[in-house]
Amino acid sequence: MTTVSCADLPLPHDSGVGVLNKASLLLSVLEEGPASLSTIVVVTGLTRPTAHRLAQAMERLRLVTRDTRGRFQLGPRLGEMAVVVHGDRMLALAASVLPELRDRTGAGARLYRRREDLQLCVAGAETSTAGGNTVPVGTAFSLRSGAVAQVLLAWEEPEVLYAGVTRARFTAAALTQVRRRGWAQSFGTWDTDVVTLAAPVRGPGGRVVAALSLSGPASVLTREPSREFGGAVIDAALRLGEASAG
C-alpha cells in the first residue's frame, strides 16, 4: 500500500485546514471499503493515535461507523445527507410510480422513510375503495411492527438493528430473512384484514433510504402477496432508488 504524506496531499484533500485534510484523507480510504485502523495508518501516513482519535470523533458524528469485524466504514450520516440533496428526485418520481403500482395491483402504494424510531409516510397513492385503510402523507407509525418497519431496520447498522428489535414484535432472525429475501410482508398489523408487502429503496452507496409498500385487503393481495406482486414492488423500488442516487 502507498503511504500518503499529509504535507503533500493531492488537491481534493488540501483545504488549507489540517484537521479537515486528515478527515478527508481518512474518508477517501473508506470509500474503497471497510478498513482496519492499521490499514488507515499505512495508507494515509497518519500516526496511529491521530488516526484513532480522528476515526472515533467521526464515529460520534455518524460520519464513520464499524462493521461486524470492527473495521471502520463510511457512516449513515453521509447517506442521509445525500438523501436530503437527491430526495426531491425520488419524491418527484414517486408521484408517477406509486399510482402506476396502485393501478396495476389494486392496492394502496406508499413510500416511507425512517425518522428516528418512526416510519414516516412521505408519499402515497390510495385506492378509491380503501375505506379506512388509508395513510395520509405525514402520518408516522412506530417501528415496532409491520413489513415497512422490518425493511427500514433490516439493513441498519448492528447496534441500531438490535436496539430496534428489543422493542419490536419481530425478531433479529426475522430481519435476517428479510435481508435474504429482499422484501418483507405482514398481515393484520394495523387492521385485521390488511396485508402489506414492502421492499427497500436504495440510495447512494446502496444504502436503504426508504421502504416502498403495497397494502390492501387479503381479498385483493392474498395472504402471500409476494408470489403475485413481489416483482412489481421490487421493480418500482428499484426505479425510485435510481432517482435517489441520480
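Everything discussed here concerns the structure shown above.
Basis of the calculations
Residues numbered from 1 in each chain as written. Predicted model: local features only at pLDDT ≥ 70, side-chain atom pairs only at ≥ 80, totals over all residues. Heavy atoms only, no water. Helix = DSSP H or I, 4+ residues; strand = E, 2+ residues; numbered from the N terminus. Buried < 20%, exposed > 50% of the residue type's maximum accessible area, 1.4 Å probe, protein only. Contact = heavy atoms within 4.5 Å. Phe/Tyr/Trp six-rings, centres within 6.5 Å; stacked < 30°, edge-to-face > 60°. Lys NZ or Arg CZ within 6 Å of the ring centre and 35° of its normal. Patch = residues over 30% accessible without salt bridge, like charges linked within 9 Å, V, L, I, M, F, W, Y side chains within 5 Å. Areas by Shrake-Rupley, 256 points an atom, 1.4 Å probe, with all protein chains shown as cover. Salt bridge = Lys/Arg side-chain N within 4 Å of Asp/Glu carboxyl O. Polar contact = N/O pair within 3.5 Å; in protein donor to acceptor, adjacent residues only side chain to side chain.

## Observations regarding the overall build of the protein chain
Right, on to step 1. A count of helices and strands for the protein chain gives nine helices and eight strands.
Right, on to step 2. In the protein chain, which comprises 246 residues, the share counted as buried stands at 45%.
Right, on to step 3. In the protein chain, the proportion of contacts linking residues at least 24 apart, taken out of those at least 6 apart, comes to 54%.

## Looking at the packing of aromatic side chains
Right, on to step 1. Applying the stated rule across the entire model yields zero aromatic pairs.
Right, on to step 2. One Lys or Arg, Arg-181, reaches over the ring of Trp-183 and ends 4.3 Å from the middle of that ring.
Right, on to step 3. Between the NZ or CZ atom of Arg-202 and the centre of the ring of Trp-155, over which it lies, the distance is 4.9 Å.

## Digging into a nonpolar patch on the surface
Right, on to step 1. A cluster of nonpolar side chains, namely Val-17, Val-19 and Leu-20, defines an oily patch on the protein surface of about 260 Å² accessible area.
Right, on to step 2. Its place among the elements puts Val-17 in the segment before helix 1 (18-30).

## Considerations on the side chain of Thr-196
Right, on to step 1. Tracing the chain through its elements places Thr-196 in strand 7 (residues 194-202).
Right, on to step 2. Reaching out from Thr-196, the side chain makes a polar contact with the side chain of Ser-215 at a distance of 3.1 Å.
Right, on to step 3. Not counting the four nearest positions on each side in its chain, Thr-196 is found in contact with Ala-147, Val-148, Ala-184, Gln-185, Ser-186, Ser-213, Leu-214 and Ser-215.

On their own, these measurements won't tell you what the molecule is for.
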